[in-house]
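Chain residues, written in single-letter form:
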Amino acid sequence: MPSARLAADIGGTFTDLALERGAERWTAKVLTTPAAPERGVLEGIRVVLEKAGMTPADVEIFIHGTTLATNAVIERKGARTALLTTEGFRDVLALGNESRYDQYDLNIQLPRPLVPRRWRVAVPERLDNEGRVLLALDEAALRERIAFLKSEGVESLAIGFLHAFVNPAHERRAAEILAEAWPEVPVSLSSEVSPEMREWERFSTTVANAYVQPLMASYLHRLRDGVKEAGFACPLFLMLSGGGLTTLDTAARFPIRLVESGPAGGAIFSAHVARQRGLDKVLSFDMGGTTAKVCLIDDFAPQASRTFEVARVGRFKKGSGLPLRIPVIEMVEIGAGGGSIAQLDALGRIQVGPESAGADPGPACYGRGGTRPAVTDANLALGRYEPALFAGGQFPLRTEPAKAALAAHIGEALGLSPEMAALGVVEMVDENMANAARVHAIESGKGYEGRAVIAFGGGGPVHGYRVAEKIGVSRMLVPSGAGVGSAIGFLRAPVGYEVVKSLYQRFRSFDAVAVNALLAAMSAEARGVVERGSFGAALEESRIAYMRYVGQGHEIAVRLPTRDLEGADIAAIREAYDTEYARFYDRPVPGSDVEILSFAVTVQTVLPEVAPAAGAAPAEAPAPVRTQAVRDTSSGAVAEWPVYDREEISPGARLSGPCIVAEAETSTLVGPGWTCRMDSLGYLELTKEAA
């Protein structure tokens, strides 16, 4: 009998579990335990193993993802962190790049640095842009600064010196002195965390890593000890924001790479589903208890980036957050989940999120003390949920508290019944998600023509058809296990690691020897990390250069051959850059030289081939198990919608909307004018009929 593979995803409201053995799968959804997140994980493991009739000894690998690092930064609950930097540069974190995310807001709020100015301490030292020493590190001054920070009760330290990404010697020497004088304090070096040019982004990323490192290392070690005590002997891997897996030791050292680990699992899940169905253009739509995430997937690969913002002070406004320079799957994440709180703004308009009721106390309908209306309350008031069967019947919902909260906080002020207030809340959250998807496509230079939506998460299948209508998409897939899609995505991810380093080059003076030496060293570093967890699996490598026309401010990624570069390669790489530039900006700039700022090397295990799904012969639809009175959000009309049990639907069966397809972790709403067909994989395919 094959061994099993286990995955756990901690969200703001629910912790999702997926267990697979061969073609069999078992899932579970339990409430997150914010005070001690490992408790929720261990409880979920107990539940899912009990469902499968397995023991910890049957599990060969355990994969985990979490939003704890992100939440610590957003909620400012990290360690007391200090920054050691080059004399004259202590205010880089506050100055940023001096841009304004809203040019016309006279009262603009900028993101507050994670390190207060008192703990941003300067040290005499200086390197030039090529890494040559202009001023040696003043070790005596450094020891004085260390003594000061120690007396201040600092708990974690970031070191970011000017041009350390070219020559890390001063940072490494400072770390050696710290290890002698203050061995118990964790230290993050910018030359290791984010070895790229642009001081603000590099310092910000390093500080964020130091800020969450004590919290994340403590949590990861508690989780490791907890699963060992439960009888697990298998390796534990962590999902990275870039879509790969890494070891616990690497994750504890660079926890900032975990900030988007849960959403990354969802994007990997969607990419796998797209490959199974042969869909080369899809939108991944993941709506959970706290947030909704949308990601564009083309040619079966999620869109990737190496920049990310966290803790934005301007809602949905790019440039208003703390920049992180890490490999990440590019997506838009908004505060629009089942627990997102609805309220009226100063103008009396319905506003949803980003504040969430979370798991404790949760929405009013949970009956755990929540009194403010959330999206789940609105869905319940509209008849979209069967109260007794929510989350597999683990905790029945209460309709009256939900309606009371909607009336008190929305309906009374607007003169609306609780049901109509609920309609306004749901329509607003759907529009917010659709608008985020529109903006994401525009910023990516893409559109939605010919795309399908893959909806998952606890709320994705509930809201998916309406979001699809709003963005002009007429096809939607709801895979099996959609309620715990991110956890299943962890089981589809490769063991992988990306290394990014800066080395300035121009095509007219390209130094192939230096570039090849750098790429070889980066490849060796990435392989060293991956081989510790690949267990002899075949590896594949990809290389990317980030380049721009001389004088421009932002780079475009261009793939490189995975071998030593030769002089003849320059023309082909230049042509590839011009083509990619024209895709974004309509046409290239002839005659302009191109400069390369950074290189990235990714090494990962080779994923197994996915065979396209076969078609399913037509089959008879089952009888509905009941009907529910549902208020349609587009028309406001109330009608009896038939409810079907997903487990009773055979491949090839077709249902006509409006109806609901219910399962343990979620429900799929098939709106008026839509049809639903189950394919040969057991996935629900929704299609909107032509007007």
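Residues numbered from 1 in each chain as written. Predicted model: local features only at pLDDT ≥ 70, side-chain atom pairs only at ≥ 80, totals over all residues. Heavy atoms only, no water.

## A closer look at the overall build of the protein
In terms of regular secondary structure, the protein is built from 16 helices and 35 strands. By the compact-globule yardstick of 26 Å for 691 residues, the protein fits well, its C-alpha radius of gyration being 26 Å. In terms of principal-axis extent, the alpha carbons of the protein reach across some 80 × 60 × 55 Å. When each of the 691 residues of the protein is scored for burial, the buried share is 58%. Approximately 27700 Å² of the protein is accessible, and the part contributed by carbon and sulfur atoms is 51%. Charge centroids of the protein, computed over 71 positive and 84 negative side chains, lie 2 Å from each other. (Helix = DSSP H or I, 4+ residues; strand = E, 2+ residues; numbered from the N terminus. Rg over C-alpha atoms; globule rule 2.2 N^0.38 Å. Buried < 20%, exposed > 50% of the residue type's maximum accessible area, 1.4 Å probe, protein only. Areas by Shrake-Rupley, 256 points an atom, 1.4 Å probe, with all protein chains shown as cover. Lys, Arg positive; Asp, Glu negative; His and termini not counted. Charge placed at Lys NZ, Arg CZ, Asp CG, Glu CD.)

## Description of the packing of helix H11 (residues 399-414) against helix H12 (residues 418-443)
Two quantities define a packed helix pair, namely the angle between the helix axes and the distance between the axes. Relative orientation of the contacting elements H11 and H12 amounts to 75°, with a least axis distance of 9 Å. Here H11 is positioned roughly perpendicular relative to H12, judged by the angle of their axes. On the side of H11, the interface is formed by Lys 403, Leu 406, Ala 407, Ile 410 and Gly 411, while H12 contributes Pro 418, Glu 419, Ala 421, Ala 422 and Val 425. Partitioned by chemical class, the residues of the contact of H11 with H12 number 7 nonpolar, 1 polar and 2 charged. (Axes fitted to C-alpha atoms, helices over the stretch in contact; angles between N-to-C directions. Parallel < 35°, antiparallel > 145°, perpendicular 65-115°, else oblique. Contact = heavy atoms within 4.5 Å. Nonpolar A, V, L, I, M, F, W, Y, C, P; charged D, E, K, R; others polar.)

## Digging into helix H13 (residues 460-471)
A large share of H13 lies buried, amounting to 11 of its 12 residues. In the segment just after H13, Gly 472 is the residue with positive phi, at about 85°.

## Some thoughts on the state of the cysteines
Under the defined criterion, the tally for this structure stands at 0 disulfides. For the unlinked cysteine Cys 676, the closest cysteine sulfur is that of Cys 659, found at 6.1 Å. Since its relative accessible area comes to 1%, Cys 676 is described here as buried. (Disulfide = S-S within 2.5 Å.)

## Some details on the sheet that holds strand S3 (residues 24-31)
Read from one edge of the open sheet, 6 strands run S3-S2-S1-S4-S11-S12, paired in mixed fashion. Of all strands in the sheet, those with a lone pairing partner are S3 and strand S12 (245-247), marking the two edges. With direction set aside, neighbouring strand axes in the sheet form an average angle of 25°. Two elements, strand S1 (residues 4-10) and strand S2 (residues 14-21), share 6 bridges in a ladder whose sense is antiparallel. Looking at the pairing, Asp 9 lines up with Asp 16 of S2. Along the sheet face, helix H1 (residues 37-52) touches S1, S2, S3 and strand S4 (59-66) and points at about 145° away from the line of S3. (Pairing = 2+ DSSP bridges.)

## Regarding the packing of H12 against H13
Across the interface, H12 lies against H13 with an axial gap of 9 Å and an inter-helix angle of 55°. The orientation of H12 relative to H13 falls into the category oblique. Classified by chirality, the crossing of H13 by H12 is right-handed. From H12, Val 426, Glu 427, Val 429, Asp 430, Glu 431, Met 433, Ala 434, Ala 437 and Arg 438 reach across to H13, where they touch His 463, Arg 466, Val 467, Lys 470 and Ile 471. Within the contact of H12 with H13, the residues separate by chemical class into 7 nonpolar, 1 polar and 6 charged. (Left-handed = near helix turned anticlockwise from the far one by under 90°.)

## Focus: the pairing of strand S22 (residues 350-356)
One ladder, built from 4 bridges, connects strand S21 (residues 340-344) with S22; its direction is antiparallel. Bridge pairing in S22 links Leu 344 to Ile 350. Connecting S21 to the next strand, S22, in antiparallel fashion are 5 residues, including Gly 348 with a positive phi near 80°.

## Concerning the environment of Glu 125
The residue Glu 125 is located in the loop between strand S6 (120-123) and strand S7 (126-127) in this model. With 407 residues separating them in the primary sequence, Glu 125 and Arg 532 have C-alpha atoms 36 Å apart. Ignoring sequence-local partners within four residues, the contact set of Glu 125 consists of Thr 86, Leu 135, Ala 136, Leu 137, Phe 161, Leu 162 and His 170. Side-chain polar atoms of Glu 125 contact the side chain of His 170, separated by 2.5 Å. (Polar contact = N/O pair within 3.5 Å; in protein donor to acceptor, adjacent residues only side chain to side chain.)

## Here's the deal with the environment of Ala 72
Along the chain, Ala 72 turns up in helix H2 (residues 68-74). Looking at Ala 72, the relative accessible area reads 5%, which means it is buried.

## Digging into the packing of aromatic side chains
Two descriptors summarise a pair of aromatic rings, namely the distance from one centre to the other and the angle between the planes of the rings. Taken as a whole and judged by the stated rule, the model has 8 aromatic pairs. Between Tyr 465 and Trp 674, the ring centres sit 6.2 Å apart and the planes meet at 75°, which makes this aromatic pair edge-to-face. With Tyr 465 in helix H13 and Trp 674 in strand S34 (residues 674-678), this residue pair connects regions lying 209 residues apart in the sequence. Residue classification places Trp 674 among the buried residues on the basis of a relative accessible area of 1%. Taken together, the aromatic side chains of Tyr 549, Tyr 577, Tyr 581 and Tyr 585 make up a single cluster linked through ring pairs. (Phe/Tyr/Trp six-rings, centres within 6.5 Å; stacked < 30°, edge-to-face > 60°.)

## Focus on the pattern of salt bridges
This structure, assessed with the given rule, holds 46 salt bridges. With a closest N to O distance of 2.9 Å, Arg 173 and Glu 139 form a salt bridge. Here the residue Arg 173 occupies a position in helix H5 (residues 169-181), and Glu 139 occupies one in helix H4 (residues 139-151), the gap between them amounting to 34 residues. Residues Arg 466 and Glu 427 are paired through a salt bridge, measuring 2.9 Å at the closest nitrogen-oxygen approach. In this pair, Arg 466 is assigned in helix H13 and Glu 427 in helix H12, connecting sequence segments 39 residues apart. Where salt bridges share partners, they join Glu 427, Glu 431, Arg 438, Arg 466, Glu 469, Lys 470 and Lys 688 into one cluster. (Salt bridge = Lys/Arg side-chain N within 4 Å of Asp/Glu carboxyl O.)

## A short note on H12
For H12, built from 26 residues, the straight-helix expectation of 38 Å at 1.5 Å per residue is met to within 8% by its first-to-last C-alpha distance of 37 Å. Positioned one or two residues after H12, Gly 445 has a phi angle of 70°, which is positive. (Expected span 1.5 Å × (residues − 1).)

## Examining unusual backbone geometry
With an omega dihedral of 5°, the bond running from Gly 657 to Pro 658 counts as a cis peptide bond. With respect to the helices, strands and loops of the structure, Pro 658 is situated in the loop between strand S31 (654-656) and strand S32 (659-662). Backbone geometry at Glu 98 places phi at a positive 65°, although glycine is not the residue there. Among the secondary structure elements, Glu 98 is positioned in the loop between helix H3 (92-95) and S6. Owing to a relative accessible area of 65%, Glu 98 belongs among the exposed residues under this scheme.

## Details of a nonpolar patch on the surface
On the surface, Leu 414, Leu 416 and Met 420 cluster together to form a nonpolar patch covering roughly 210 Å² of accessible area. Its place among the elements puts Leu 414 in helix H11. (Patch = residues over 30% accessible without salt bridge, like charges linked within 9 Å, V, L, I, M, F, W, Y side chains within 5 Å.)

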